[in-house]
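# Structural overview for review
Letter by letter, the chains look like this.
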Amino acid sequence: MVRVSTGVPGLDAMLNGGLIKGRVYLLKGAAGTGKTILAMHFAMEGVKNGEDVLYITLGEPSKQLVENMRSIGFEFDNPRFRLVDATPINHVKSVVFTGSPGVEFGESMERLLSSVISEVEGKDYSRVVVDPITMMKLTVESELKYRKLLLPFLKAVHRKNTTVLLVSEEERTNVEEYMVSGVIELLRRDVNWTSIRGVRVTKFRGSAVDENTRPLKITSRGMVVLSDRVFRA
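Conventions and cut-offs
Residues numbered from 1 in each chain as written. Predicted model: local features only at pLDDT ≥ 70, side-chain atom pairs only at ≥ 80, totals over all residues. Heavy atoms only, no water. Helix = DSSP H or I, 4+ residues; strand = E, 2+ residues; numbered from the N terminus. Expected span 1.5 Å × (residues − 1). Buried < 20%, exposed > 50% of the residue type's maximum accessible area, 1.4 Å probe, protein only. Core = buried A, V, L, I, M, F, W, Y, C linked by side-chain atoms within 4.5 Å. Contact = heavy atoms within 4.5 Å. Salt bridge = Lys/Arg side-chain N within 4 Å of Asp/Glu carboxyl O. Axes fitted to C-alpha atoms, helices over the stretch in contact; angles between N-to-C directions. Parallel < 35°, antiparallel > 145°, perpendicular 65-115°, else oblique. Nonpolar A, V, L, I, M, F, W, Y, C, P; charged D, E, K, R; others polar.

## A few points about helix H4 (residues 109-122)
A rise of 1.5 Å per residue sets the reference length of H4, with its 14 residues, at 20 Å; its end C-alpha atoms lie 20 Å apart and thus fit the reference within 8%. When H4 is considered as a whole, its buried residues turn out to be Met109, Leu112, Leu113, Ser115, Val116, Ile117, Glu119 and Val120.

## Concerning the nonpolar core
One finds Leu11, Met40 and Phe81 to be the most contacted residues of the largest nonpolar core, which totals 37 residues. With eight residues, helix H2 (residues 35-48) is the largest single contributor of residues to this core. If we skip the residues at most four places from it in the chain, Phe81 touches Met40, Ala43, Met44, Val47, Val53, Tyr55 and Phe76. Counting 33 residues, the second largest nonpolar core, distinct from the first, contains Leu26, Met109, Val130 and Met136.

## Points about the pattern of salt bridges
Counted according to the given criterion, the structure contains ten salt bridges. For Lys48, the salt bridge is made with Glu45, and the minimal N-O distance between the two is 3.2 Å. Of this pair, Lys48 and Glu45 both sit in helix H2, three residues apart, roughly one helical turn. Its relative accessible area of 63% is what places Lys48 among the exposed residues. Close ionic contact of Arg70 with Glu75 constitutes a salt bridge, the shortest N to O distance being 4.0 Å. Residue Glu75 is classed as partly exposed on the basis of its relative accessible area, which comes to 48%.

## Things to note about unusual backbone geometry
Along the chain, Asp131 connects to Pro132 via a cis peptide bond; the corresponding omega equals -10°. Residue position: Pro132 is located in the loop between strand E6 (127-131) and helix H5 (143-159). Look at Asn16: it is not a glycine, yet its phi comes out positive at around 60°. In this fold, Asn16 is placed in the loop between helix H1 (9-14) and strand E2 (19-20). The backbone phi angle of Asn161 is positive, close to 60°, even though this residue is not glycine. Mapped onto the secondary structure, Asn161 falls in the loop between H5 and strand E7 (163-168).

## Notes on the packing of H4 against H5
Between H4 and H5, the least distance of the axes is 9 Å, while the angle of their chain directions is 5°. Considered as vectors, H4 and H5 are oriented roughly parallel to each other. In this structure, H4 uses Met109, Glu110, Leu113, Val116, Ile117, Val120 and Glu121 to contact H5, whose residues at the interface are Tyr146, Leu149, Leu150, Pro152, Phe153, Ala156, Val157 and Arg159. Taken together, the residues that form the contact of H4 with H5 break down as twelve nonpolar, no polar and three charged.

## Brief notes about the side chain of Asp210
Counting through the fold element by element, Asp210 comes out in the loop between strand E9 (194-204) and strand E10 (214-219). Among all residues touching Asp210, those that are not within four sequence positions of it are Met14, Val201 and Ser227.

## Thoughts on H5
For H5, built from 17 residues, the straight-helix expectation of 24 Å at 1.5 Å per residue is met to within 8% by its first-to-last C-alpha distance of 25 Å. For H5, the complete set of buried residues consists of Tyr146, Leu149, Leu150, Phe153, Leu154, Ala156 and Val157. Contacts made by the buried residues of H5 are with strand E3 (24-29), H4, E6 and E7. Count one or two residues on from H5 and you reach Asn161, which has phi positive near 60°.

Written as structure tokens, this is what we have:
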């Protein structure tokens, strides 16, 4: 099995070498735990390796996302990196992919995912990030329908052997956890007015992993996972 680096060496160590190529993973955690930073590490690691990467932002406008990520050292001028802004500004946002019609975010998750699938199938993206997948649920009235809509997307990226990271803001167990190959959870605890952060792998098909919760830090250069220490809060 081919391994794909997350861009964070300490997390790769926990994963016994990284994610397994061509599979879909869920990154979950509360607000402020560092999910987007980790997702960007994953995306930019692909760019650094000469891969084509698609990053779909549904929560944070692209301009703001770029400004925030540049402050910790990420650069966005590489043509291999495609950033698509699908944020629901005023609940309506046109998303235009090459060869696909505009999509009203607030109108239909089905149309949005269909457009994403067309984009993925039309280009050889090695990595795809959807941040956060949670926003898509807002347009779906039931969990069953959400599952049915998500399945074609998962099948499409599997056919293309694309490694996918879905970001979720839900801390509790949710439907995506049953549909993906692995789950990485970010934690944060406030102790004596100081935020203590950690990461754990709660699911990983196809390989043994480090099941301990390890501490992590957000630095001026991004995320650092201390894989030789145990998280204590």
